[in-house]
Each structure stands twice: as C-alpha cells, then as structure tokens.
Amino acid sequence: MDLLPHHTRDFRSNAYWDRFFKTRGLKPFEWYGEFTDLCSVLCKYVKTTDKVLMVGCGNSQLSADMFDAGFKQIINIDTSSVVIKQMLDKNQTHRPEMKFLKMDVTEMNFTDGEFSVVIDKGTLDALLVNESEEVIENVDKALSQISRTMRLGARYLIITLLQEHILRKLLKFSSEMGFPIRFHRIEIEDQPLHKNTFCMPVFAVVITKFKKIPGLKQIFEIVRQVDSVQRVDTAEEVIAVINEMQKFAMMKQHLNKYTLADEQVVLELYSENIESSRYILYVLDSLKSYQTKYAVFIVPLKRETEWLFATNAGRRQLQKDANVQRLIIVTLQREHEYGDIEAIQEELSPYMLQLTPPKFMFGTKIPYLSVDDSISKDVEVVDKGRSEWNGTFRIENFLAEDEKYYRRLFFLGKQNLIQSECRLIQSDTKKKKVKKGKYHFVIDKDYLASKHHISTVAGFVLLPDFNELIYSGFRVLMIGLGGGVLASYIHHVFEKATIDVVEIDPEMVKVATKWFDFKEDSRMKAYVADGLDFMKQRAEQDEIIPYNMIVLDVNPNEDSPTQMCPPRPFLESDNLKHMKRLLSPKGVLVINTLLFNELIRKEALNQIKTEFQSIYQTNIEVEVNVILYVFPETTNIQTTDSRIPAELVKRLRLVDKCTSLNSTDLTESLKHLSIS
C-alpha cells in the first residue's frame, strides 16, 4: 500500500489523512514510540487530575493507554473526520468518557487556559515540513492556539524527531513567550534489527507556560540521563548538544547492527561544559577475528597527543596489540577535571553499553584498558586563554616518564594539538622552592622536543653553501612562531644566524615571550603580520636581501574547513613566486606538511614544482608530519636507504665543531631523506 505523501503539502491536507486512515484501518500507527516508551516522561509531567489535550491524535493508542493508566480527562482532536469516527467507535465501549473531536489545531474553539497539559506526538513535525512563509504562518497559528488554551503552569509536551528547523522553531517560540524549555531523549524499546531499518532518535520537549517577566533570563535545560538536568546558557549551546545526542543515537544504531570493517568513527560526549567535549571516542572495528570481542581503552590525560593515540595508524596498531575486535579509544579533554580511573569508568559505562558490537551478549562485562591507573597526575596548568586566530589555548607543565619536566602549548580547538613543547630545567640562581612542591624553572635552550623541528634544523645541512654560511651566518625567515621554541633554538645553536619571524596572532607572541623565553634582539625580530602579506610586500621591494632558509610552519586557523598544513593559500602560484624571490638561489624552503590523503599530497607537490626545481622529503617516525626541503635550483643529493651521503657527513662534523648542536640529533632525518 502506498501510504506515503507525494508532496510535503499533503501533511496539511485533510483529504490525505482521510485516505491514510481509511487505508490503514484500525491498526494503530505509532509515529514515535508507544506509551511504554514514553511513560517515564509523561508520568513525570502529567498528573492523573490534569485536563489533557491531545493534538493530532490520529489512530494512536497513546491516549487509550494513558486513559487506562488513570488519566481520565483527555480530549483528542484531529482534522481527519475518518480517524475521529474510527476512534469514537473503537473506544465507546471501554472508554466512553474520552472525547474525540474533529478540530484543526490552528483554529481551536476551546476557552482560554482550559488545559493543564497539551500533548503533541508528531503533529508539529507534520506541520513544519519546510520553512516557507505559508508553513511558518500556519505553525505560528498552531503554537499561538496551544499557548492560549494552556493555563499558567501548564506543560506543552512535544514528541518529535527534533530536526534542526523544528528545534530552532521551538527555541524561538519559548524565548519569545518567556517559557522555560526542557529536552528529554526518549529511549525507544529495541525493535528487531533489520538491515533496511533505521530509526531517527526521538525527543520529548517540555515547554512550561509562565507569566512573562521582562529581563528574566531564558531557561534552557537538557536531561541526558534520568534525574540529571543540565542547564545551558544559550540556544546555540542547546543546538550543539542536541546535535551531538542525535549523532550518538544514530551511530549507536549503526554500531549495534554492523561491523565497520576498517573504518574509524569519532564521537564526542559533552557534559555541563558545552563549549568543549568531555570525552572523544574513537570506535575501531575490524573484520579480522580477535580474541576479545569488545573493550574500551582510556588514554591518560597527558598522553593523548602521542602517535599511538592521536593518529589513525597509531590507534589501529593499539587495536592490534590489544587483540580486540571492536576497540573504543577514549581521550580525556584538558578543560575538564576527572576523578580516578574507576570514576571515569563509571561515568562512561552507560555510553559504552550502547556501543556494543552486533551479537554482543547482554550482561557480558566490558574490559576497560589503560596504560596505568594515573589518568591525569603531575600536570600543572600554568596559563590559559583564547586568541582570535587559534581559539582556546592552554599551557601546562608536566612530569614525564623520564622524570624530567616539560612545558607544552596546546590549541584545544584542534583536537588538543601540541603547538610547542620544551624541556624545563631548574634555575641555577633560584634552587629554592617558590611554592610548596614547585620549583623555579627555565627553558632548556639546547633541547628540541619535536621531531619535525629537528628535521627542520636538518635543512641547514642540505644548503649547498653550508660550509661557508656556518661561519658567516644564515639568514632565516620563519612563517609561524607558535611558542617560539624552534626560533629560539636556531638563534641559540647558530650564533651568527639572523632570524625574522612572522606570526599572525599577537597573542602567540605574548605567550612565546612569557612562557617559552622567546627574546627579540639584534639577530632575531618578530613581526605581527599575515605571513602571505609580509612575503608579498618584501618580494615587491626593489632591493631584496635574500634568505638562505624560509621555514613554513603554519597551522590552519580554528575555523578552517580543511585542517591541512600548510593551508592551501600558501601553495598558490603567486605566493610560491614570492617565496622563491625572497630565497637565495642556493637556499632551501622547508615546509612542515600535514596532508591527510594521497590526492591532496600529489596536488600540493605538483603546485610546488611549478616554481621550484627540486623537492626532497623526510618522513618522521611516529608522527604524521612530513618535512619537505624545496630548492629553487636543481639540487642533487645522493639518497640511499638508511645511509647519510658522504658530503652530508662532512657537514655534520662542522655542526659539531662550530655549534652547540649535537649532530647525532639530525642523523635520523637525513637517513630517511628521499626525493619527493
């Protein structure tokens, strides 16, 4: 039988609904769950003494089930005369007191304030089929009529799929009227799972009619779990949380029905802090047979940025090592506070039970794994803030496994990206504790924590005239300062180098100066500017003093639609021309790249080759970064597997002789050098 409407306007057509119910007959049509699914919410907000209006009742069994449960004062309305007659005939013997009236919700003739509860099960969804002027006008009439017939303190209960246009309409309505609004997620009793069956998550929205008080802050509340009411500040925050709940519910259905082969699904769980997720879940499935069917791995807070947990390849390796068919890897977020491992397991448990794989035996204990029991110890937050360009950032000191202290700068909006890291050493001048349990630290300028920074420094050794420049001094342009760790290191180990650093974010210059000991002097200068604009202006000057090295280490900003590094504009032809003009013919352009698929990588390389002659690369072990060494002129560097060319070995000896840099730090990068 073809019961589906042919056009959205059919939902507002009495003729369509008459045909629908004639064809459907007396068999109840339950749009969004039965009374057993809804009773926990209905019984919370509806008393047996309440006078209840059921709008758009259709042939649902809901009002009959409520009547049998003790709710005797129910009036049902619908625009279809066919279904009203059916429901009167069906209920006249056992429920003669229950009323069924043919009436349009947009033109009700009830008295003002007649009802203490209005229940809408799918009616608003059927009315608000699009956002055309005609539809919105009709919906506004319905909401106005519902509000009029509600007494003060009455509740309007909407059972809905809560698509975003519905959600925004209800938020707008409640805000304009000054009515508190609360959202419940309805857990529908599991139905037999078929491959072609997919159910959108259902919500109950409760709007309470109060007398509007000017200046009173609008109340938004979300009930994520039973008896756990979460209040949020803005409508946009409500939308963010509801979207996350919908995504989780739909993914739950999919994960319960299917194995995801070799995909990795990412889910976010929020708490009272709506600005950021509390947990990020990585769901890994495999078609291979593993010893354990299902397990959860909790990543310690200070280790979530390590290769094993932060990359697709690392997480897949962890799944293989753990020997688990479906592994959920949980990372904790630095804006939040956590208890011990047992407290975290207890908090996660309701969600993990919902993400079990197909045919997982109910009642089976889910193993929780981790590398140790200390989830977040030895971490001290020394500063946090927000910048226009990079969003929320955080600076932490922590004690690592080597029993040494380190400092990190994180951009929290970029999956906890470590922007800068340095090692701390105790000051020789202040060995006394400045606070209980804390010491005065200074930056260890002889240490680079990041492997891609080490590979960047290795680029100096690739310069054709390195043997002369190490004595006379390198001229370096760096686009991207971050915490200033790399710039300070180059300034420290190459005592005759002059460095220009360009940073678009003035907040980062302050952070680098205050927390990472970045200092300007006669050899190092910081410019707060857009790197592209800076290079264009310099390249258009009549007289150019060329740079021996340009370092491009630029992350996309917080709102970038693609998180590739460097951002696409830096690889556009005109901007590459500017870089080439600023670079000495025997110089090198060093680019830190993070290109997430082979197609983007090839596109980037082809673009670079339009302006530059030679490109070499070094892949960084246990990191996703690839460092490119780009030369304006044809450069022949002999590359062999795991062996450093003889000419480079000689240059490394000069490094040991002329700088405080230990050349062994550069050997790994040079061993893995290859033509790109």
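Please read all numbers here as calculations on a predicted model, not as lab measurements.

### A closer look at unusual backbone geometry
Then, number 1: Phi angles above zero are rare outside glycine, and Leu162 is one such case at about 55 degrees.
Then, number 2: Here Leu162 is to be found in the loop between strand E5 (150-160) and helix H7 (164-177).

### Brief notes about the packing of helix H16 (residues 531-539) against helix H17 (residues 573-582)
Then, number 1: H17 packs onto H16 with a crossing angle of 55 degrees between their chain directions and a minimal axis gap of 9 Å. As summarised for this structure, H16 and H17 are arranged oblique, according to the angle between their axes. Seen along the crossing, H16 lies across H17 with a hand that is left-handed. Touching Leu532, Met535, Lys536, Arg538 and Ala539 of H16 are Asn575, His578, Met579, Arg581 and Leu582, all from H17.
Then, number 2: Residue composition of the contact of H16 with H17, by class: five nonpolar, two polar and three charged.

### Comments concerning the state of the cysteines
Then, number 1: A complete count under the given rule lists zero disulfides for this structure.
Then, number 2: Its sulfur unpaired, Cys39 is 5.4 Å from the next cysteine sulfur, which belongs to Cys43.

### A short note on the side chain of Gln333
Then, number 1: Tracing the sequence through the fold places Gln333 in the loop between strand E13 (324-332) and helix H11 (341-354).
Then, number 2: A distance of 3.2 Å separates a polar atom in the side chain of Gln333 from a polar atom in the side chain of Thr331.

### Focus on the pattern of salt bridges
Then, number 1: One pass over the full model with this rule turns up 27 salt bridges.
Then, number 2: Note that Lys525 is salt-bridged to Glu520, the shortest N-O span being 3.8 Å.
Then, number 3: Note on Lys525: relative accessible area 40%, which makes it partly exposed.
Then, number 4: According to the relative accessible area criterion, Glu520 is partly exposed, its value standing at 43%.
Then, number 5: The closest approach of N and O atoms between Lys536 and Glu540, which form a salt bridge, is 2.9 Å.
Then, number 6: The partly exposed category is assigned to Lys536, whose relative accessible area is 38%.
Then, number 7: Among the charged side chains, a salt-bridge network with shared partners connects Lys47, Asp50 and Arg155.

### Side note on the sheet that holds strand E26 (residues 583-593)
The strands making up a sheet associate through hydrogen bonds between their backbones, and the pairing can be parallel or antiparallel.
Then, number 1: As summarised here, the arrangement of the eight strands in space is E24-E23-E22-E25-E26-E28-E27-E29, forming an open sheet in which the pairing is mixed. Only two strands of the sheet have a single neighbouring strand rather than two, namely strand E24 (524-528) and strand E29 (673-675). This sheet shows a mean twist of 20 degrees between the axes of neighbouring strands, independent of strand direction.
Then, number 2: For strand E27 (residues 614-619) and strand E28 (residues 626-631), the ladder comprises six bridges, and the chain directions are antiparallel. Paired with Asn619 across the bridge in E28 is Val626.
Then, number 3: Strands in contact with helix H14 (residues 485-493) are strand E22 (475-479), strand E23 (498-503), E24 and strand E25 (547-552); relative to E23, the strand with the most contacts, it is inclined by about 175 degrees.
Then, number 4: Sitting on the sheet, H16 is in contact with E22, E23, E24 and E25, with an inclination near 145 degrees to E22.

### Here we look at the nonpolar core
Then, number 1: Formed by 60 residues in total, the largest nonpolar core has its most connected members in Val457, Phe460, Phe474, Met478, Phe494 and Tyr629.
Then, number 2: Per-element accounting of this core gives the leading share, six residues, to H14.
Then, number 3: If you count residues domain by domain, this core takes at least three from each of domain 3 (391-445) and domain 4 (447-675).
Then, number 4: Each residue touching Met478, except ones within four places of it in the same chain, is listed here: Leu486, Ala487, Ile490, Ile499, Asp500, Val501, Val502 and Val551.
Then, number 5: Within the second largest apolar cluster, 43 residues are counted, among which are Phe115, Leu127, Val135 and Val232.

### Digging into the confidence of the model for the protein chain
Then, number 1: Here the protein chain shows a mean pLDDT of 84. Residues at 70 or above account for 85%.
Then, number 2: Predicted confidence for residues 191-198 stays below pLDDT 50, and this span has nine contacts to residues more than four positions away or in other chains.
Then, number 3: Counted against residues more than four places away or in other chains, residues 558-563, with its pLDDT under 50, gives 13 contacts.

### Some thoughts on helix H15 (residues 506-515)
Because an α-helix completes one turn every 3.6 residues, residues spaced three or four positions apart along the sequence face the same direction.
Then, number 1: When we look at burial in H15, the residues that qualify are Met508, Val509, Val511, Ala512 and Trp515. One face of H15 carries all of its buried residues, which in axial projection span an arc of 165 degrees. For H15, the exposed residues lying more than 90 degrees away from the buried face are Lys510 and Lys514.
Then, number 2: Those residues of H15 that are buried are in contact with strand E15 (379-387), strand E16 (391-399), strand E17 (405-411), strand E21 (441-443), E23 and E24.
Then, number 3: Among the residues of H15, the N-terminal cap falls to Asp505, whose side-chain oxygen and the backbone nitrogen of Glu507 are separated by 3.0 Å.

### Section: the packing of H7 against helix H8 (residues 235-257)
The description of two packed helices rests on the angle between their axes and on the distance between the axes.
Then, number 1: One can describe the packing of H7 onto H8 by two numbers: an axis separation of 11 Å at closest approach and a directional angle of 150 degrees. Judged on the interaxial angle alone, H8 and H7 are roughly antiparallel. Once H7 is placed against H8, the crossing between them reads as right-handed. Two secondary-structure elements touch here, H7 through Glu164, Leu167, Arg168 and Leu171 and H8 through Ala235, Glu236, Val238, Ile239, Ile242 and Asn243.
Then, number 2: Split into classes, the residues belonging to the contact of H7 with H8 amount to six nonpolar, one polar and three charged.

### What about the sheet that holds strand E12 (residues 292-299)?
Then, number 1: Read across the sheet, five strands follow the order E10-E11-E13-E12-E14 without closing on themselves; strand pairing throughout is mixed. In the strand order of this sheet, the two ends are held by strand E10 (264-269) and strand E14 (368-369), each with one partner.
Then, number 2: As defined by bridge partners, E12 adjoins E13 across seven bridges and the pair is classed as parallel. Bridge pairing in E13 places Tyr294 opposite Arg326.
Then, number 3: Across the face of the sheet, H8 comes into contact with E10, strand E11 (279-285) and E13 while running at roughly 140 degrees to E10.

Rules behind the numbers
- Position numbers for residues start from 1 in each chain and track the written sequence from start to end.
- Only residues with pLDDT of 70 or above have their local features reported here, since the model is predicted, and side-chain atom pairs are shown and tallied only from 80 upward, although totals for entire chains, interfaces and linings are computed over all residues.
- The basis for every side-chain value is the complete set of non-hydrogen atoms in the structure, without hydrogens or water.
- Under the DSSP-based scheme used, a helix requires at least four consecutive residues in state H or I and a strand at least two consecutive residues in state E, with every element numbered from the N terminus.
- Between N-to-C directions, angles cover 0 to 180 degrees, with each direction set by a line fitted to C-alpha atoms, over the stretch in contact for helices.
- In what follows, roughly perpendicular refers to angles from 65 to 115 degrees, roughly parallel to angles under 35, roughly antiparallel to angles over 145, and oblique to any angle outside these ranges.
- The handedness criterion is simple: a crossing whose near helix is rotated anticlockwise from the far helix by less than a right angle is left-handed, and one whose near helix is rotated clockwise is right-handed.
- Contact between two residues is taken to exist if any of their heavy atoms lie within 4.5 Å; hydrogens are not considered.
- Three categories are distinguished: nonpolar for Ala, Val, Leu, Ile, Met, Phe, Trp, Tyr, Cys and Pro, charged for Asp, Glu, Lys and Arg, and polar for the others, with Gly belonging to the last.
- The criterion for a disulfide is a pair of cysteine sulfur atoms lying within 2.5 Å.
- Throughout this description, a polar contact denotes any pair of N or O atoms lying within 3.5 Å of each other; where both atoms belong to protein, one of them has to be capable of donating a hydrogen while the other can accept it, and for residues adjacent in sequence the pair is counted only when both atoms sit in side chains.
- Salt bridges are identified by distance alone: a Lys or Arg side-chain nitrogen within 4 Å of an Asp or Glu carboxyl oxygen.
- A 1.4 Å probe rolled over the protein chains alone gives each residue an accessible area, and that area as a share of the maximum for its type sets the label: buried under 20%, exposed over 50%, partly exposed in between.
- Pairing between strands is defined by DSSP: at least two bridges between the two strands are required.
- Working definition of a nonpolar core: buried Ala, Val, Leu, Ile, Met, Phe, Trp, Tyr and Cys residues. They are joined through side-chain atoms within 4.5 Å.
- An automatic or database domain assignment supplies the residue ranges for each domain.
- pLDDT is defined as a per-residue confidence score from the predictor, taking values between 0 and 100.
- The arc in question is formed by the directions pointing from the helix axis toward the C-beta atoms.

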